[in-house]
Amino acid sequence: MEKIVILDFGSQYTQLIARRVRELNVYCEIHPHNKAPQIDENVKGIILSGSPFSVRDENSPKPDLSAYRGKLPLLGVCYGAQYLAQSNGGEVLPSKIREYGRANLTFVDQNHCLMKGVSNNSQVWMSHGDTIKTLPTNTKIFASTHDVEVAGYEFLNEETYAIQFHPEVYHSTEGTRLLKNFIVGVCKCSQDWTPNSFVESTVEELKNKIGNDKVVLGLSGGVDSTVAAVLLHKAIGKNLYCIFVDNGLLRKNEFEGVLDQYKHLGLNVKGVDAKNKFYSALAGISDPETKRKAIGKTFIDVFDEEAHLIEDVSWLAQGTIYPDVIESISATGGPSATIKSHHNVGGLPDYMKLKIVEPLRLLFKDEVRRVGRTLGLNDSLLGRHPFPGPGLAIRILGDITPEKVQILQEVDHIFIEGLKKANLYDSVWQAGAILLPVQSVGVMGDERTYEKAVALRAVESTDGMTADWCHLPYEFLAKTSNEIINRVKGVNRVVYDISSKPPATIEWE
């Protein structure tokens, strides 16, 4: 399989580079700069990412690029461009004015291979505190901006290019065009990595890997575990055993609804009602991390018990996706890659001794949805909002009781169903309600009340790494608030969370 390798120097934008490459239907992988992969005939080109470091820092990344230079097309972005200059005899100095924000390209070489189809004066995004003062010999500038003479340059007689701006970000309006010029034009990638091709190759790979072994999968009802289950079912059929645990912290009617949905997909699913075990494990616990650990441990106990009822299981399937894998890798010399546990498993003990299979570990979230559509899953399932693994436990601030869970389920149900009826659900990335550990005075029917307050939260995002609060219509919020207070006994106040991430997080715990 053709691929582009991205060497990561710790930039916040590295995942965006990968997403842009994938959008061109070309497979790519991110690797820490100090753990570069072996290069084989499938690698068509190398991209060097940006970095929070300055190339002048003593501890900045200084990879040996001799395995690639002159042998494969190479593109240095921002830090990558400065490192190529500095390590080859050029000079990088601090900018007198920090070069951050929008700029406009002017072509020094309008016919340059990376500039084909890019407009003169095209907007690009700068984000660096250093600038290239002197280029190495044997190089040539092909693009500049008003403030940056060396915005783009190349090494003569080899396919090594460097740009000081970020083509991967939204503000570089023709950045995808430039990346395509490199990936398709220079690297000669064939753009044949599609959801269809992924399904075909993965099903074949799973058949060969698993053979006639049995696989157990913990379903969460979310997009990732569902697509993983359908993909595995396509490969191994009846040898896939799915377990869906009701931890008592799901949304209203979700346990029954999800089981019914899976029935229509032809999956072999066993529903396990373990509400009381989880409530017992959580009794009296208010600390968020302690709650998470109690839920994780209880899930392991329940899951292990159920898995032992299936004879001769060899594999545990997980819905791990590519951001989970990337986030477990340090780009600055930390521990090697570790596989993130399924979000409901919380880390499996050694005594389970199951081999791991993760059919989605190469995909970003939007790609998982595209693969799901290829597999025939409906949009209502694929468009479901993300829901935290610990469920409503981290949306109830303080200790957990069945009564609090029931109150929050009712509030959440009114909010989510209201979003759907108002045709707002699909424009929101994630929404939910939070039960606050405060009571407030209210008036109902001329009588004083002293009841609970809830907060509503709705955000828009692409991957959950950053998020903005949604500007929901006032009329909708007013109607929802009124309905919650009138219909949910024990709640007399509703507030709306208008915090963005950062500095806040999406969930409150």
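Refer to the structure above for everything that follows.
Caption draft 1: Here's a closer look at the overall build of the protein chain. Scanning the protein chain from N- to C-terminus turns up 13 helices and 19 strands. Computed over C-alpha atoms, the radius of gyration of the protein chain comes to 26 Å, within 12% of the 23 Å expected from 2.2 N^0.38 for 509 residues, which places it in the range of a compact globule. Counting only C-alpha atoms, the protein chain reaches 80 × 60 × 40 Å along its principal axes. For the protein chain, the proportion of its 509 residues judged to be buried stands at 55%. Here the analysis covers contacts within the protein chain between residues at least 6 apart in sequence; of these, 74% occur between residues at least 24 apart. Summed over its atoms, the accessible surface of the protein chain is roughly 23200 Å², and 48% of this surface lies on carbon and sulfur atoms. Taken as two groups, the 55 positive and 63 negative side-chain charges of the protein chain have centres that lie 1 Å from each other.

Caption draft 2: Examining the nonpolar core more closely. In terms of nonpolar packing, the biggest core is built from 50 residues, with Val 411, Leu 419, Leu 472 and Ile 484 touching the most fellow members. Here this core takes eight residues from helix α12 (residues 402–421), the largest share from any one element. Not counting residues within four places of it along the chain, the set of residues in contact with Val 411 comprises Ala 433, Val 454, Leu 456, Ile 484, Val 488 and Val 491.

Caption draft 3: Region of interest: the sheet that holds strand β12 (residues 240–246). Pairing is parallel across the open sheet formed by five strands, whose spatial order is β13-β12-β11-β14-β15. Because the sheet does not close on itself, it has two edges, and the strands there are β13 (269–273) and β15 (355–357). Each adjacent strand pair in this sheet contributes to an overall mean axis angle of 30°, direction not counted. Where strand β11 (residues 214–219) meets β12, five bridges bridge the pair, whose relative direction is parallel. The residue of β12 that forms the bridge with Leu 217 is Cys 242.

Caption draft 4: Representation of the sheet that holds strand β6 (residues 106–107) in the model. Strands sit in the order β2-β1-β3-β4-β10-β9-β8-β6 across an open sheet of eight strands; the sheet is mixed. Each edge of the open sheet carries a strand with a single partner, namely β2 (28–32) and β6. Inspection of the sheet shows strand β9 (residues 152–155) paired to strand β10 (residues 160–163) by four bridges, in the antiparallel sense. Looking at the pairing, Phe 155 lines up with Thr 160 of β10. Contacts between helix α1 (residues 14–23) and the sheet are confined to β1 (3–8), β2 and β3 (43–48), with β2 contributing the most and set at about 160° to the helix.

Caption draft 5: A look at empty space enclosed by the protein. Tallying each qualifying case throughout the model produces four cavities of 30 Å³ or more. If you add up the space inside the largest cavity, you get close to 60 Å³. Around the largest cavity, the lining residues are Arg 22, Trp 193, Thr 194, Pro 195, Phe 198, Leu 363, Glu 367, Arg 370 and Val 371. Taken together, the elements giving at least two residues each to the lining of the largest cavity come down to α4 (195–210) and α10 (365–374). Within the lining of the largest cavity, the residues separate by chemical class into five nonpolar, one polar and three charged.

Caption draft 6: Broad picture of the side chain of Gln 409. Considering the arrangement of structural elements, one finds Gln 409 in helix α12. Aside from chain neighbours lying at most four places away, what touches Gln 409 is Leu 250, Arg 251, Lys 252 and Leu 392.

Caption draft 7: Up close: helix α2 (residues 79–86). Within α2, seven of the eight residues are buried, which leaves the element mostly enclosed by the surrounding structure. Listed as buried for α2 are Tyr 79, Gly 80, Ala 81, Gln 82, Tyr 83, Leu 84 and Ala 85.

Caption draft 8: Layout of the packing of aromatic side chains. This model, assessed by the stated rule, comprises 12 aromatic pairs. Measuring from centroid to centroid gives 5.8 Å for Tyr 153 and Phe 155, while their planes differ by 55°, and the two rings are tilted. By relative accessible area, Tyr 153 is classed as buried at 0%. With a relative accessible area of 2%, Phe 155 lands in the buried category.

Caption draft 9: Fine view of unusual backbone geometry. Across the junction of Lys 501 and Pro 502, the peptide omega takes the value -15°, indicating a cis bond. Relative to the assigned elements, Pro 502 resides in the segment after β19 (491–496). With an omega of 10°, the peptide bond between Pro 502 and Pro 503 qualifies as cis. Here Pro 503 lies in the segment after β19. In this structure, Cys 78 is a non-glycine residue whose phi angle is positive, near 55°. For Cys 78, the position within the fold is in the loop between β4 (74–77) and α2.

Caption draft 10: Highlighting the pairing of β9. Both faces of β9 are covered, namely the face carrying Gly 152 and Glu 154 and the face carrying Tyr 153 and Phe 155. As defined by bridge partners, strand β8 (residues 139–144) adjoins β9 across four bridges and the pair is classed as antiparallel. Of the residues in β9, the one forming a bridge with Ile 141 is Tyr 153.

Caption draft 11: Up close: the pairing of β1. Counting buried residues in β1 gives six out of six residues, a clear majority hidden from the surface. Taking every second residue as pointing to the same face, both faces of β1 are buried, with Lys 3, Val 5 and Leu 7 on one and Ile 4, Ile 6 and Asp 8 on the other. Taken together, the five bridges between β1 and β3 define a ladder with parallel strand orientation. When the sheet's bridge partners are listed, Ile 6 is paired in β3 with Ile 47. Handedness of the crossover joining β1 and β2 through α1: right-handed.

Reading guide: rules and limits
Residues numbered from 1 in each chain as written. Predicted model: local features only at pLDDT ≥ 70, side-chain atom pairs only at ≥ 80, totals over all residues. Heavy atoms only, no water. Helix = DSSP H or I, 4+ residues; strand = E, 2+ residues; numbered from the N terminus. Rg over C-alpha atoms; globule rule 2.2 N^0.38 Å. Buried < 20%, exposed > 50% of the residue type's maximum accessible area, 1.4 Å probe, protein only. Contact = heavy atoms within 4.5 Å. Areas by Shrake-Rupley, 256 points an atom, 1.4 Å probe, with all protein chains shown as cover. Lys, Arg positive; Asp, Glu negative; His and termini not counted. Charge placed at Lys NZ, Arg CZ, Asp CG, Glu CD. Core = buried A, V, L, I, M, F, W, Y, C linked by side-chain atoms within 4.5 Å. Pairing = 2+ DSSP bridges. Axes fitted to C-alpha atoms, helices over the stretch in contact; angles between N-to-C directions. 1 Å grid on protein atoms, 1.4 Å probe; cavity = no way out; pocket = protein on both sides within 12 Å on 5 of 7 lines; lining within 4 Å. Points joined across faces, edges and corners; volume = space filled by probe spheres on them. Nonpolar A, V, L, I, M, F, W, Y, C, P; charged D, E, K, R; others polar. Phe/Tyr/Trp six-rings, centres within 6.5 Å; stacked < 30°, edge-to-face > 60°. Right-handed = clockwise from strand over helix to strand, strands pointing away.

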